[in-house]
Amino acid sequence: MMMQFADKMVSYDTFLNDVASRIVEMINRNDPETLSQREAYRRFGRGNVDRWRRKGLLKTCKRPGKVEYNTAELRRLQSRQQDYFT
């Protein structure tokens, strides 16, 4: 399937890939580099964060009195197929 724009023809797959890339850029632009443990629990679910940490998939950034996680790492783990039963 092709989509016609005023200046060119683009395949539907190319159009979707471009839209997806723009959405990812917008999300990454608004995300801080690290999230506190409380915010990570709120955004990604306490069970998910604890499971990823227990399995060694998520590393912590420890500061005095704070535990933080890399936001990009959390997003990557969120996009993986669920691993509840393994």
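Note that the structure is predicted; figures quoted are calculated from it, not measured.

Enquirer: Which parts of the structure should I look at to understand the packing of helix H2 (residues 37-44) against helix H3 (residues 46-54)?
Expert: Helix packing for two helices is described by the angle between their axes and how far apart those axes are. Two elements in contact, H2 and H3, have axes separated by 6 Å at closest approach and are oriented at 115 degrees. When the interaxial angle is binned, H2 and H3 end up roughly perpendicular. Counting all contacts with H2, which are made through Gln37, Ala40, Tyr41 and Phe44, the residues of H3 involved are Arg46, Asn48, Val49, Asp50, Trp52 and Arg53.

Enquirer: How should I be thinking about the side chain of Glu68 in this particular structure?
Expert: Note that Glu68 resides in strand S5 (residues 66-70). Glu68 sits in the buried class, given a relative accessible area of 7%.

Enquirer: When you look at the sheet that holds S5 in this model, what are you seeing that I'm missing?
Expert: Backbone-to-backbone hydrogen bonds pair the strands of a sheet. The strands run either parallel or antiparallel. Here three strands make up an open sheet; going across it, the order is S3-S5-S4 and the pairing antiparallel. Edge positions in the open sheet fall to strand S3 (34-36) and strand S4 (60-63), since each of these has one partner strand only. On average, each strand axis in the sheet is tilted by 35 degrees relative to the strand beside it, whichever way the strands run. As paired elements, S4 and S5 share four bridges and run antiparallel to each other. Each residue of the ladder has a partner; that of Cys61, found in S5, is Glu68. Sitting on the sheet, helix H4 (residues 71-79) is in contact with S3 and S5, with an inclination near 60 degrees to S5.

Enquirer: Please clarify how the packing of H2 against H4 should be interpreted in this entry.
Expert: Two elements in contact, H2 and H4, have axes separated by 12 Å at closest approach and are oriented at 25 degrees. Overall, the two elements H2 and H4 adopt an arrangement that is roughly parallel. Judged by the twist between their axes, the crossing of H2 over H4 is right-handed. Contact residues: H2 offers Ala40, Arg43 and Phe44, while H4 offers Leu74, Arg75 and Gln78. A per-class count over the contact of H2 with H4 returns three nonpolar, one polar and two charged.

About the cut-offs
- Residues numbered from 1 in each chain as written.
- Predicted model: local features only at pLDDT ≥ 70, side-chain atom pairs only at ≥ 80, totals over all residues.
- Heavy atoms only, no water.
- Axes fitted to C-alpha atoms, helices over the stretch in contact; angles between N-to-C directions.
- Helix = DSSP H or I, 4+ residues; strand = E, 2+ residues; numbered from the N terminus.
- Parallel < 35°, antiparallel > 145°, perpendicular 65-115°, else oblique.
- Contact = heavy atoms within 4.5 Å.
- Buried < 20%, exposed > 50% of the residue type's maximum accessible area, 1.4 Å probe, protein only.
- Pairing = 2+ DSSP bridges.
- Left-handed = near helix turned anticlockwise from the far one by under 90°.
- Nonpolar A, V, L, I, M, F, W, Y, C, P; charged D, E, K, R; others polar.

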